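This is what each chain is made of:
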Amino acid sequence: MSEHTDSASVAPIVTVQQHILQEQKRFPGASGEFSWLLSGITMATKLIQAKVRRAGLSDILGEQGVVNVQGEVQQKLDVYSNEVLVHCLSARESIGVLASEENEEPLLVHKGSENANYAVVFDPLDGSSNIDVNVSVGTTFSILRRPEGVSLNEPEKWVLQPGSKQIAAGYVVYGSSTILVYSVGKGVHGFTLDPAVGAYILSHPNMRMPEQGNYYSVNEAYRDSFPPRYAEYIERLRGGVLGRKYSSRYIGSMVADFHRTLLKGGVFLYPPTENNREGKLRLLYEANPIAFLAEQAGGTAIDGTQRILDIRPSSIHQRTPFVAGSRVELADFERFV
Ligand code: AHM
Ligand code: MG
């Protein structure tokens, strides 16, 4: 009998499922439950991307006619994406609590099951105001373990933990291709959805953010209402203080803006503004997962003064100013601002 070797015509393929199983082996005592949990996310995001890809052809574009807990008008796709994630994740026995941008209160699932040890916090469709004009949107997620001694009846306590306690985090960008990026705290890995086979395939192993980039990414229309040091910092980038004159890119979908920053380096900022004194981005399901990935890829993420992952949250939908990116730009920001 001859031993099987990969033939030259078939490149070795690693699916996200295989990768998760490998990563799971690094956790002492981990069982298959964690990979089963993550498969709920990959399944849901495949369903979401299928809807996003056909958005102009079905009756899914536009507003739902409801204002969500953030005071923002919900798009039909926000509602669909939320329902799909809740549906897929509720089927995972290991999950006890789900918290979403679209739900005011955290949802208790599997009440009473002692096997439920994880909480998943997510923004089902980030940047959804871009959807009608065919611009990239995304899903962000963060996974936390139930803290010691906290019961199933205290769902808030499951999720009000600093970002440093995340055991995994990631996002999916529905862009020119669909890409899933995740980390379990051992590096950052990216998988491109192959639409022909319906599987996420490893395309970006061990992603590292460049030490310095060429772009800054911020909504400059609010510049007059940024704290003055932020506006001056942007002037430094433009003026060549860091050895190059920066150009700008701003999509208005955090996931897409961060994905570019991860691949190309640079800095993404959502500072405090006159209308949003705490910034606009939500700590638990937007800033935390992105900060986790930024640090895992060798970058930095702060709220202007402190590390995002050290913030102790006090409410589920709390907002935070957010600055994330390459080491060189962030070191200068911390010195200057
Ligand atoms: P959303 O969660 O309601 O979609 O809002 C978050 C989005 C981010 O993706 C993006 O960075 C930001 O809002 C853009 O806001 P602005 O239009 O103020 O620049
Ligand atoms: Mg969002």
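You'll find the structure just up there.
Right, let's walk through the structure included here. The structure presented is a predicted model; accordingly, all values stated were derived computationally and were not measured.

## Quick look at the side chain of Ser128
Secondary-structure assignment places Ser128 in the loop between strand S5 (118-126) and strand S6 (137-145). Ser128 has contacts with Gln75, Asp78 and Val137, leaving out every residue within four places of it along the chain.

## Looking at the pairing of S5
Across the nine residues that make up S5, a large majority, nine, are buried. Bridge analysis of strand S3 (residues 95-100) against S5 gives five bridges, and the strand direction is parallel. Opposite Ala99, over in S5, you have Val121 as the bridge partner. When S5 meets S6, the two strands line up antiparallel, connected through seven bridges. Within the sheet, the bridge partner assigned to Val121 lies in S6 and is Ser142.

## Remarks on the site of ligand 1
The local shell around ligand 1 holds 18 residues, among which Gly127, Tyr222, Tyr250, Met254 and Tyr270 are the closest. One of the side-chain nitrogen or oxygen atoms of Tyr250 is found 2.6 Å away from an oxygen atom of ligand 1. In this structure, an oxygen atom belonging to ligand 1 sits 2.8 Å away from a side-chain N or O atom of Lys280. Surface burial for ligand 1 is 87%, taken as the share of its 470 Å² of free accessible area covered by protein chains. Listed by contribution, the elements that provide at least two residues to the shell around ligand 1 are S5 and strand S13 (267-270).

## Considering the nonpolar core
Val120, Ile143 and Tyr182 are the most contacted members of the largest nonpolar core, which has 37 residues in total. Per-element tally for this core: the top contributor is helix H2 (residues 33-53), with seven residues. If we skip the residues at most four places from it in the chain, Val120 touches Leu37, Ile41, Leu89, Ile95, Val97, Leu98, Ala99, Ser142 and Ile143.

Scoring rules and cut-offs
Residues numbered from 1 in each chain as written. Chains lettered and ligands numbered in written order. Predicted model: local features only at pLDDT ≥ 70, side-chain atom pairs only at ≥ 80, totals over all residues. Heavy atoms only, no water. Helix = DSSP H or I, 4+ residues; strand = E, 2+ residues; numbered from the N terminus. Contact = heavy atoms within 4.5 Å. Buried < 20%, exposed > 50% of the residue type's maximum accessible area, 1.4 Å probe, protein only. Pairing = 2+ DSSP bridges. Near = heavy atom within 4 Å. Polar contact = N/O pair within 3.5 Å; in protein donor to acceptor, adjacent residues only side chain to side chain. Areas by Shrake-Rupley, 256 points an atom, 1.4 Å probe, with all protein chains shown as cover. Core = buried A, V, L, I, M, F, W, Y, C linked by side-chain atoms within 4.5 Å.

Geometry only, nothing functional implied.
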